[in-house]
Amino acid sequence: MGGSFAGSGGSGGGSGGGGAGGPEVCDGIDNDNDGTIDNVDVGNDGICDCLRIATLGLPGQWGNGDVFAQWLDTRSDNGAVSLNDQVLTKDLLDKYQVIVAQNLSELGRAYSAEEVTALSDWVKAGGGFMTLIGYGDPSERTNVNTLLAAFGMSYAAQQILPKNGGATIPVTNWVMHPVTNGVTRVGVDNGYPVEGTGQTLATEQGYDLLKAQEVGSGHVLMWGDEWITYDTEWTEHPEYQLELFWLNAIKWLTPAKNCQVTIPTPK
């Protein structure tokens, strides 16, 4: 699934040199004294083995499969944990470093003010929050925009960039940023423009598709579609850099000096 990468050297713990100390392990301690906690990537695949990542809502149904979850399950010791419709509290959120919001339109409820505050506080303290969109009609924006409002961000109501001839529309205009490093094409279908605070990192046909914002010690990333999670986009479009996009995004969303590993060079 996805592109193949050349290893970044070695089969042991961390990425990045280090001083005297023992081998790095997933224990919340900088064992090798290199300045970064839990930077373990035994397989050199660009995903920290210690990564604690969760998803909100449900995966999409418009494309085949959910490569995102499967891909993480093979690269992180913990895999991707589905929180679906759980109530957002400090205790719940503090278990994770990165949270990705998928389809939030089928929770059967709205997020409360207390949940919005809990998420906002978690991000400010160093959490990484990413949102996806494009799962249904414009009413799907309600819950995700409720969460994003705390950061001055939102999805607009207009559906954009529907498929052309059965293929997703390639997004080709990218601004240099850690999330976009090496990325030149990623496909979308019936997404929504991103709006509000933050740096716009990708545009297509005049629409903004990607925004990034630092909030306190944390990060928020908005992508204007959901097709980056589907198997077909990974396997049928070698011209898209989907795996690299996800590697970049997860690394940027993960707290600094924590679980940071080297992203391998694509072959």
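A short tour of the structure in this document, coming up.

Rules used throughout
- Residues numbered from 1 in each chain as written.
- Predicted model: local features only at pLDDT ≥ 70, side-chain atom pairs only at ≥ 80, totals over all residues.
- Heavy atoms only, no water.
- Buried < 20%, exposed > 50% of the residue type's maximum accessible area, 1.4 Å probe, protein only.
- Helix = DSSP H or I, 4+ residues; strand = E, 2+ residues; numbered from the N terminus.
- Pairing = 2+ DSSP bridges.
- Right-handed = clockwise from strand over helix to strand, strands pointing away.
- Phe/Tyr/Trp six-rings, centres within 6.5 Å; stacked < 30°, edge-to-face > 60°.
- Expected span 1.5 Å × (residues − 1).
- Disulfide = S-S within 2.5 Å.
- Salt bridge = Lys/Arg side-chain N within 4 Å of Asp/Glu carboxyl O.
- Contact = heavy atoms within 4.5 Å.
- Axes fitted to C-alpha atoms, helices over the stretch in contact; angles between N-to-C directions.

It is worth spelling out the pairing of strand β3 (residues 98-101) at this point. Burial of β3 is two-sided: the residues Val98 and Val100 facing one way and the residues Ile99 and Ala101 facing the other way are all buried. As judged from the four bridges shared by strand β1 (residues 53-56) and β3, these two strands associate in the parallel manner. Within the sheet, the bridge partner assigned to Ala54 lies in β3 and is Ile99. Where β3 lies against strand β4 (residues 128-131), four bridges are found, and the strand directions are parallel. For Ile99, the partnering residue across the bridge sits in β4 and is Phe129. Remark: the β3/helix α3 (residues 113-124)/β4 crossover connection has right-handed handedness.

The next subject is the packing of aromatic side chains. According to the stated counting rule, one finds seven aromatic pairs in the structure shown. Linked through ring pairs, Trp174, Trp223 and Phe245 together constitute an aromatic cluster.

For helix α6 (residues 242-253), which comprises twelve residues, the first-to-last C-alpha distance of 16 Å matches the rise-based estimate of 16 Å (1.5 Å per residue) to within 8%. Extensive coverage of α6 is indicated by the burial of eleven of its twelve residues. Among the residues making up α6, those that are buried are Leu242, Glu243, Leu244, Phe245, Trp246, Leu247, Asn248, Ala249, Ile250, Trp252 and Leu253.

Within this structure, the stated rule accounts for two disulfides. With a sulfur-sulfur separation of 1.9 Å, Cys26 is cross-linked through a disulfide to Cys50. Because the sign of the S-S torsion sets the handedness, a value of about -80° for the bond joining Cys26 and Cys50 places this disulfide among the left-handed ones. Taken together, the residues span a long stretch of sequence, with Cys26 in the segment before β1 and Cys50 in the segment before β1 at a distance of 24 residues. Owing to a relative accessible area of 6%, Cys50 belongs among the buried residues under this scheme. Cysteines bonded in the protein are numbered consecutively along the chain; their disulfide partners then correspond to 1-3, 2-4.

The backbone of Asn44 sits at a positive phi, close to 50°, despite the residue not being glycine. As for its position among the elements, Asn44 is in the segment before β1. Using a relative accessible area of 12% as the deciding quantity, one classes Asn44 as buried.

What follows concerns the pairing of strand β2 (residues 80-84). Alignment of β1 against β2, held across four bridges, turns out to be parallel. Within β2, the position partnered with Ala54 by the bridge is Val81. Each parallel crossover has a hand, and the one from β1 via helix α1 (residues 67-73) to β2 is right-handed.

For the coordinates displayed, the defined rule picks out three salt bridges. Salt-bridge contacts for Asp94 lead to Lys90; the nearest nitrogen and oxygen are separated by 2.5 Å. In this structure, Arg109 and Glu115 form a salt bridge, with 2.8 Å as the shortest nitrogen-oxygen distance. Owing to a relative accessible area of 29%, Arg109 belongs among the partly exposed residues under this scheme. Under the relative-accessibility criterion, Glu115 is labelled buried at 3%.

Now for the sheet that holds β4. Strands in a sheet are paired, the pairing made by backbone hydrogen bonds, and the direction either parallel or antiparallel. Taken together, the eight strands give an open sheet; going across it, the order is β2-β1-β3-β4-β12-β11-β10-β7, and neighbouring strands pair in mixed fashion. Across the chains shown, the open sheet's two edge strands, defined by having one partner strand only, are β2 and β7 (173-174). Pairing of strand β11 (residues 207-215) with strand β12 (residues 218-223), which is carried by six bridges, proceeds in the antiparallel orientation. Across the sheet, residue Gln213 finds its bridge partner in β12, namely Val220. In this fold α6 packs onto β1, β3, β4, β7, β11 and β12, with an angle of close to 150° to the strand it touches most, β12.

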